[in-house]
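# Coordinate analysis (summary)
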Amino acid sequence: MTGRSSEPPGILGHGAAQWLLKGANVASSIFVRPDGEADIVARGPGSTLMYHWATPGSAWHSTQVAGPGTTSVPSIFVRPDGEADVAVQGPDFSLTYYWATPGSAWHSTQIAGAGTVYSAPSLVVCPGGRADIVVRGPDFSLMHYWATPGSAWRSAQIAGPGTAGYIPSIVVRPGGQADVAAQGPDSSLMHYRATPGSAWRSAQVAGPGTAYSAPSVAVRSGGRADIVVRGPGDTLMHYRATPGSAWRSTQVAGPGTTVSSSAPSIVVRPDGRADLVAVGPGTLTHYWAMPGSPWRSAEVTTGGERFLAASVFVRPDGRADIAALGSGTAVLYYRATPGSGWQGTRLQ
């Protein structure tokens, strides 16, 4: 990370590592380190790949990770040792992986060649160091790529042609099970799961005509999976299921509250509160709910900005951070502590 301090962030303890895995939306362009530094990746001018970072109380800094060729929203995850990992769709529908440790330059490798990737990727790093990426592959298939430190990247098809639309989302549980949410055939909603060394299993969360955006998935400490997605009539829908039980649904917000150009993002706190952010017509809205209580909402901004994507991360102290990608190459950052209003900064 050119220009960064060489001092590494604090190493995560066991509990903090579980918090990050269960709480962070990993189909995300924002990640917050345990020392409080916020990291954001975004497509920059001329289809470059840009990295922005700021420690609490300091100004934002930025550096170009890669030159022209970035063609999707990137996904970021930061390891306990401070290494930042970024996955992005590259030129000619390829898949590229970038990484950097504090104080060092960015490195890259091509995971998959031309004609293999047809969506933005979703990236997560497991406690053992394995990186997992899911992406929409050729002919609307669903693909999984993974690599352990020092080994080559491997791939497997999760679901065959005609099974996946938009951007899939992945999270890995502390026990190693991977959960993937994806838009399925005829705008259905699908959930896939696999433990290390086993085959992928699938379940239909909701039938045809229910999912009209990329979904976002999170897993709670008790094992419950939560998925949010844009539903029929531009509604905002929440699906949930505990292991072994059927999927249940709740309408978070009614017709006309979401827009077709974006997808919602969810994170679940250790106390069970769910936070999500969604783009509406000229608005960016934050929704939250404690288990068993109704959803509440507050507008993050009504400035009329046309947002293309937004992702949320919640810190252990309760502060919420949002990275919002606007029209063109606009990148905006919003933050709010419990009980306070939202504050925003334009990064590019």
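So, here is what we can say about the structure in this document. (Residues numbered from 1 in each chain as written. Predicted model: local features only at pLDDT ≥ 70, side-chain atom pairs only at ≥ 80, totals over all residues. Heavy atoms only, no water.)

### What about the overall build of the chain?
Cut-off, in case you're wondering: Think of it this way: any DSSP run of H or I at least four residues long counts as a helix, any run of E at least two long counts as a strand, and we number them from the N terminus. Values of the radius of gyration come from C-alpha atoms, whereas the globule rule sets the reference at 2.2 Å times the count of residues to the power 0.38. Remark: exposure states derive from per-residue accessible area (1.4 Å probe, protein chains only) relative to the maximum for the residue type, with buried under 20%, exposed over 50%, and partly exposed in between. Between two residues, a contact is recorded if the distance between any of their heavy atoms is within 4.5 Å. Residues scored as positive are Lys and Arg, those scored as negative are Asp and Glu, and His as well as the terminal groups of each chain are ignored. In plain terms, the charge of a residue is placed at NZ if it is Lys, CZ if Arg, CG if Asp and CD if Glu.
In terms of regular secondary structure, the chain is built from 1 helix and 28 strands. The C-alpha radius of gyration computed for the chain amounts to 18 Å, which stays within 12% of the reference 20 Å derived for 348 residues, consistent with globular compactness. Considering only C-alpha atoms, the chain reaches an extent of 50 × 45 × 40 Å along its principal axes. With 348 residues in all, the chain has 58% of them scored as buried. Taking contacts inside the chain between residues at least 6 apart in sequence as the whole, the part at least 24 apart equals 38%. Charge-centre separation for the chain: the mean point of 24 positive side chains lies 6 Å from the mean point of 20 negative side chains.

### Brief notes about the sheet that holds strand 21 (residues 265–268)
Our working definition: Whether two strands pair comes down to DSSP finding at least two bridges between them. Simply put, an axis is a line fit to the C-alpha atoms, just over the touching stretch for a helix, and the angle between two N-to-C directions goes from 0 to 180 degrees.
Pairing within the open sheet is antiparallel, and its 4 strands lie in the order 21-22-23-24. In the strand order of this sheet, the two ends are held by strand 21 and strand 24 (296–301), each with one partner. Here the strands of the sheet are splayed against their neighbours by 20 degrees on average, with no regard to which way each runs. As paired elements, strand 21 and strand 22 (residues 274–280) share 4 bridges and run antiparallel to each other. In the strand pairing of strand 22, Val 267 is matched with Asp 275.

### Considering the packing of aromatic side chains
How we decide: Each Phe, Tyr or Trp ring (for Trp, its six-membered ring) is paired with any other whose centre lies within 6.5 Å, and the angle between the two planes then decides the class: stacked below 30 degrees, edge-to-face above 60, tilted in between.
Under the counting rule described, the total for this entry stands at 8 aromatic pairs. Ring geometry for Tyr 51 and Trp 106: centres 5.3 Å apart, planes at 70 degrees, overall edge-to-face. Here Tyr 51 is found in strand 3 (residues 49–54), whereas its partner Trp 106 is found in the loop between strand 7 (94–100) and strand 8 (107–112), with 55 residues between them in sequence. Accessibility expressed as a relative area gives 14% for Trp 106, which makes it buried.

Treat this as a map of the structure, not an account of what it does.
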